[in-house]
Amino acid sequence: TMTVKAGTSARTRNAFQTALVSFLNWCVQTHRLAANPIAGVSKANEKADRRRQRRALAENELVKLLNATRQRPLQEAMTIRRGSRKGELSATVKPEVRVRLTLLGRERALIYKTLVLTGLRKGELASIAIDQAELDGPMPYLVLDAGDEKNRQGSDIPLRADLATDLREWIDDKRAAFCGPDEAFRQKPLFVIPSSINRAFDLDIAAAGIPKRDERGRVVDLHALRTTFGTMLS
């Protein structure tokens, strides 16, 4: 049984309709039905019923976002939370914790930079292993397997020179800290992208002074980095 709740978006309704049409077509082909009763039903207008309109980030906003993202994990740990010195960046942080938080900020900033300069989706980037980063040739690129791409075609994603340099340095530093054979290292993910990254992104844009929603109601979220990529291309 397929139930569509009241208020469901046009995109979701269209997806249900497509699935139902396919099933009914199969019923016709296998002689379970004489005809598809909804074959001529038109789909809903998705452009007129968009639930979330995203906006592209400006170049200066991207600079602020990446800077704030790199600094925020350590700054939050160093911030005094109560008392007369509340808000000061003078809390004691153990050296090993400082290193871990600095690395966390660096990784997340590089994730954002990679998303905005490649147009990859979060899940697509999360699927890429270190050995899928081809960074030493004249045209560096990331290999996205067909099974991990939304349209199931697979792609070679070209990289801008500065991003390729950042990724090369990131991989070199990860390799220096890895204890194990090279083959096992190359199978590790290029980035560890946690399920909480959308929440982290909201905190990062707040730290950068970027409003979540503009005067037209458009929002900035993690997927807006893909919107930004398209805007930059055009």
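These notes cover the structure that comes with them. Keep in mind that this is a model prediction, so the values were computed, not measured.

**Quick word on the overall build of the chain**
Looking only at helices and strands, one finds 8 helices and 3 strands in the chain. Element order for the chain, N to C, with α for helix and β for strand: α-α-α-α-β-β-β-α-α-α-α. Its C-alpha atoms give the chain a radius of gyration of 23 Å, clearly above 17 Å, the size a compact globule of 234 residues would have. Seen through its principal axes, the chain has C-alpha atoms that stretch 75 × 50 × 35 Å. Within the chain, buried positions represent 33% of all 234 residues. Put simply, 62% of the contacts in the chain that link residues at least 6 apart link residues at least 24 apart.

**Observations concerning the pattern of salt bridges**
Oppositely charged side chains are able to pair whenever their charged atoms sit close together. Inspection of every chain in the model, using the stated rule, returns 15 salt bridges. Across the pair D204 and R72 runs a salt bridge whose closest N-O atoms are separated by 2.5 Å. Taken together, the residues span a long stretch of sequence, with D204 in helix 7 (residues 197-207) and R72 in helix 2 (residues 59-78) at a distance of 132 residues. Of the two residues, D204 and R72, neither departs from the other in class, the shared state being buried. A network of salt bridges, in which partner residues are shared, links R72, E76, R108 and D204.

**As for helix 8 (residues 224-233)**
Within helix 8, the full set of buried residues consists of A224, L225 and T228. Along the axis of helix 8, the buried positions cluster into a sector of 105°, meaning they face one direction only. Along its buried surface, helix 8 packs onto helix 2, helix 3 (95-118) and helix 7.

**Notes on the nonpolar core**
Counting 40 residues, the largest nonpolar core has Y112, L142, L167, F191 and L225 as the members making the most contacts within it. Elements supplying a minimum of two residues to this core: helix 2, helix 3, strand 2 (141-144), helix 5 (161-177), helix 7 and helix 8. The element contributing the most residues to this core is helix 3, with 7 residues. Discounting chain neighbours no more than four positions away, the residues touching F191 are E107, L110, I111, T114, L125, L167 and W170.

**Things to note about the packing of aromatic side chains**
Taken as a whole and judged by the stated rule, the model has 4 aromatic pairs. Between Y112 and F201 the ring centres are 5.2 Å apart and the planes differ by 80°, which places this aromatic pair in the edge-to-face class. Of this pair, Y112 sits in helix 3 while F201 sits in helix 7, and the two are 89 residues apart along the sequence. Like Y112, the residue F201 is buried in the burial classification. Note that R175 overlies the ring of F185, its terminal NZ or CZ placed 5.1 Å from the centroid.

**What to know about helix 7**
Inspection of helix 7 places I197, A200, F201, D204 and I205 among the buried residues, and these make up the whole buried set. Along the long axis of helix 7, the arc covered by the buried residues comes to 135°, so they all point the same way. Pointing more than 90 degrees away from the buried face of helix 7 are the exposed residues R199 and A206. Packed against the buried residues of helix 7 are helix 2, helix 3, helix 4 (122-126) and helix 8.

Calculation criteria
Residues numbered from 1 in each chain as written. Predicted model: local features only at pLDDT ≥ 70, side-chain atom pairs only at ≥ 80, totals over all residues. Heavy atoms only, no water. Helix = DSSP H or I, 4+ residues; strand = E, 2+ residues; numbered from the N terminus. Rg over C-alpha atoms; globule rule 2.2 N^0.38 Å. Buried < 20%, exposed > 50% of the residue type's maximum accessible area, 1.4 Å probe, protein only. Contact = heavy atoms within 4.5 Å. Salt bridge = Lys/Arg side-chain N within 4 Å of Asp/Glu carboxyl O. Arc of directions from axis to C-beta. Core = buried A, V, L, I, M, F, W, Y, C linked by side-chain atoms within 4.5 Å. Phe/Tyr/Trp six-rings, centres within 6.5 Å; stacked < 30°, edge-to-face > 60°. Lys NZ or Arg CZ within 6 Å of the ring centre and 35° of its normal.

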